[in-house]
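Report on the structure
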Amino acid sequence: MNRIRRSIRSLLAVAALLTTVLFSTPLLANEVSTAPNSIGEVSSQHTGSFEVAPVRILGVPALVVASPELPSSGSVVSAQRRAEVIEGNLNLLYANQSLCTQAEQLSETILERLVLGGPREQQLCSGDPWAVHGSADQLVVERVTGPAGSVLLQARLPGRAVPLPLLTVTAADGQLHGLTPKQLANQWQSLLQRRLRHARRTMQPDQLGLRIRVTVAVELLLLLTTALTLQLWNRLRRQLSERRTPQPQRDPRAQQFTAWLLAASRISFVLVLLQGLAMVGFAVAAIPGRIPLALGLLLQPLDILTKAAAVAAVVLALRLLLRLLLRQWRSSPNVPAELQARRQQRYLNLLQAGQRLLSMGGVVVLLALVISGIPGLATTPVASWLAGGAVLGALALVFQGLLRDFAAGVVVLIEDHYAVGDWVQVDALEGTVEDVGILTTALRAVDQRVVVIPNSRCEQVVNHTRIRSGVELMVPLPPRSPQLERVLSVLAEECVLFAAKPEWKDLLLEPPLIRGVRRITPLAVELSVLLITRTGAQWAAELALLTQIVARMEREALPLAQAEAMTS
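Read on for an overview of the structure. (Residues numbered from 1 in each chain as written. Predicted model: local features only at pLDDT ≥ 70, side-chain atom pairs only at ≥ 80, totals over all residues. Heavy atoms only, no water.)

**So, the overall build of the protein**
Threshold: For the purposes of this entry, the term helix denotes a DSSP run of H or I that reaches at least four residues, the term strand denotes a run of E that reaches at least two, and both are numbered from the N terminus. Only heavy atoms enter the contact rule, under which two residues are in contact if any of them lie within 4.5 Å. For the accessible areas, the method is Shrake-Rupley and the probe is 1.4 Å, while residue cover comes only from the protein chains on display.
Across its full length, the protein carries 17 helices and 14 strands. In the protein, the proportion of contacts linking residues at least 24 apart, taken out of those at least 6 apart, comes to 63%. Per element, the accessible surface of the protein, about 33,100 Å² overall, is 63% carbon and sulfur.

Listed below in structure tokens is the structure:
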């Protein structure tokens, strides 16, 4: 219950914040609508022989203007520049144009109303200096024939002696739409008059107040449903935690019910996220001219799911291709028999690391696609991306240790320093390799502790089990009467017997090699015997051969160096 109450209080706080933002919508509208494009900068495209650009009213595309890609003579204004100018003209008819800061607007209000008492229409900051406001139905769009067959569309407003020019329908516009400039002007005249009247009605104070009230009601309804869904999710999680406790009997029906609870919990969690996104979308839609942006936000989950499915399909295909290529590499007939076991080890290691790299790359690509698809980022200036690149460079300097570990991990995989299952020694650490990651390597020591080592620290690695293994046996003899000839004869016989045993015949790559006297000290004369075995069998072979040698020397009454002398 405490968690539910805290969640409801958090939602109420978010609702209060959204309500505050919504009630300040007129101020936001005044600040935002001064830009030519309420969604982003006007972007042009190249279509055949024309450069085209859309013109928007309240953020919704209304018409498309064109300019010739290859002008025959003279200078031609680009379509992008034409669209920006036209949008600026159209914004004058419905958007509250504010050229002043809040402090300047307040200063002008105090001066004109309290001191001078001038008319409101002459106020620059809060009045109507261009005489373009008024009733929505009083706006009339008319056309006038200009020079060279062009047609000018202009807005006629009551109280304004001179009409406001909106745009000029050029020959390029008519050629793009397959009409004469006059025919295209007729279409655009009715379209602009209908759209501009709607925009002027939308920006009226009563309409803005109605928009705010409707949005607040929808936000409160969404808040209530989100709180109920969140409460349901918490209850399902609590039931799941109770059912996951150990039970003496596992009823199939109980297991099925637990699976249903898990599915319902996940669905309720997704609903909470979707309802939160809907609240943000409706809050954005409350600002005039921001409906396309709100719809873009509401469509983001579907877009993200589509991108995630596409990236997952590509990653799955690449993983299957990687598995196929590694299997072909593993089963190559040119590999000697003694290297096949090592090739199998490397296959498993490269497959695991390759799948991790592909999954990591898929996540990075999906993240980049999701970020680039956020409304408003597609038109981000190049300078912003360069600044982001500088930030990434700074982060690379901060996390240079991780990058060094990553590079070292790639080198380990490519050059086959060690693989999963090898017994390696890194400085004072020794153990079996359990995992070779992109950044770290995990060793399991003799006492079964797992030691995680950064790959950049694995500079000098001793691999005891790569392709083959070996161990050197030391037989210490007393320094005064070592009886070398007799002991060497006994060692030769025991090594032959040991190599002939069935349990060791297949594990020994070579017969035990007697290397003779390895070292003479005041404490002992040490004889060396070298064992070369298959991977990982050296220690068991060492124990068995030493046991056999010690037993034979006891039977032959051949003394070994005293332990007290060896340790003194």
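Read on, since the account is not over.
**So, the sheet that holds strand β6 (residues 164-169)**
Where we set the bar: Paired strands, as defined in this entry, are two strands with at least two bridges between them according to DSSP. To get an axis, fit a line to the C-alpha atoms, keeping to the stretch in contact for a helix; angles then go from 0 to 180 degrees between the N-to-C directions.
Pairing is antiparallel across the open sheet formed by 3 strands, whose spatial order is β4-β5-β6. The strands lining the two open edges of the sheet, one partner per strand, are β4 (140-145) and β6. On average, each strand axis in the sheet is tilted by 25° relative to the strand beside it, whichever way the strands run. Pairing of β4 with strand β5 (residues 151-156), which is carried by 6 bridges, proceeds in the antiparallel orientation. Bridged to Glu142 within β5 is Gln154. Contacts from helix α3 (residues 79-94) reach β5 and β6 within the one sheet, and its direction differs from that of β6 by about 150°. Where helix α6 (residues 181-202) meets the sheet, it contacts β4, β5 and β6, and its direction lies at approximately 160° from that of β4.

**Digging into the packing of aromatic side chains**
Our working definition: In summary, the pairing rule links any two rings of Phe, Tyr or Trp, Trp by its six-membered ring, whose centres are within 6.5 Å, and it sorts them by plane angle into stacked for under 30 degrees, edge-to-face for over 60 and tilted for everything else. In this scheme, Lys NZ or Arg CZ marks a charge over a ring once it lies within 6 Å of the ring centre and within 35 degrees of the ring normal.
By the definition in use, this model includes 3 aromatic pairs. Sitting over the face of the ring of Trp233, Arg237 holds its NZ or CZ atom 4.8 Å from the ring centroid. One residue, Arg330, lies across the ring of Tyr347, its end atom 4.3 Å from the ring centre.

**As for the nonpolar core**
The line we're drawing: The set of buried Ala, Val, Leu, Ile, Met, Phe, Trp, Tyr and Cys residues whose side-chain atoms join them within 4.5 Å is what this entry labels a nonpolar core. Throughout this description, buried means an accessible area under 20% of the type-specific maximum (1.4 Å probe, protein chains only), exposed means over 50%, and partly exposed covers the range between.
In terms of nonpolar packing, the biggest core is built from 34 residues, with Leu90, Leu93, Tyr94, Leu192 and Leu196 touching the most fellow members. Beyond its immediate stretch of four places on either side in the chain, Leu196 contacts Ile57, Leu90, Leu93, Tyr94, Leu139, Val141 and Leu166. Core analysis: the second largest hydrophobic core is formed by 20 residues, Trp504, Ala541, Ile549 and Leu558 among them.

**Comments concerning the packing of helix α14 (residues 484-500) against helix α16 (residues 538-555)**
We count it as follows: Oblique is the label for every angle not falling under 35 degrees (roughly parallel), over 145 degrees (roughly antiparallel), or within 65 to 115 degrees (roughly perpendicular). Handedness of a helix crossing follows the sense of rotation of the near helix relative to the far helix, less than a right angle counterclockwise being left-handed and clockwise being right-handed. Polar here means any residue other than Ala, Val, Leu, Ile, Met, Phe, Trp, Tyr, Cys and Pro, which are nonpolar, and Asp, Glu, Lys and Arg, which are charged; Gly is therefore polar.
α16 packs onto α14 with a crossing angle of 135° between their chain directions and a minimal axis gap of 10 Å. Looking at the two axes, α14 sits oblique to α16. As for how α14 packs across α16, the hand of that crossing is right-handed. Facing Val487, Val490, Leu491, Glu493, Glu494, Leu497 and Phe498 of α14, the residues of α16 in contact are Ala541, Ala544, Leu545, Gln548, Ile549, Arg552, Met553 and Arg555. Split by residue class, the contact of α14 with α16 holds 10 nonpolar, 1 polar and 4 charged.

**A word on the pattern of salt bridges**
Where we set the bar: When a carboxyl oxygen of Asp or Glu lies within 4 Å of a side-chain nitrogen of Lys or Arg, that pair is called a salt bridge.
Taken as a whole, this structure holds 14 salt bridges when the rule is applied. Two residues, Arg81 and Glu84, come together in a salt bridge whose shortest N-O distance is 3.3 Å. Of this pair, Arg81 and Glu84 both sit in helix α3, 3 residues apart, roughly one helical turn. One network of salt bridges, with partners in common, ties together Arg486, Glu493, Glu494, Arg552 and Glu556.

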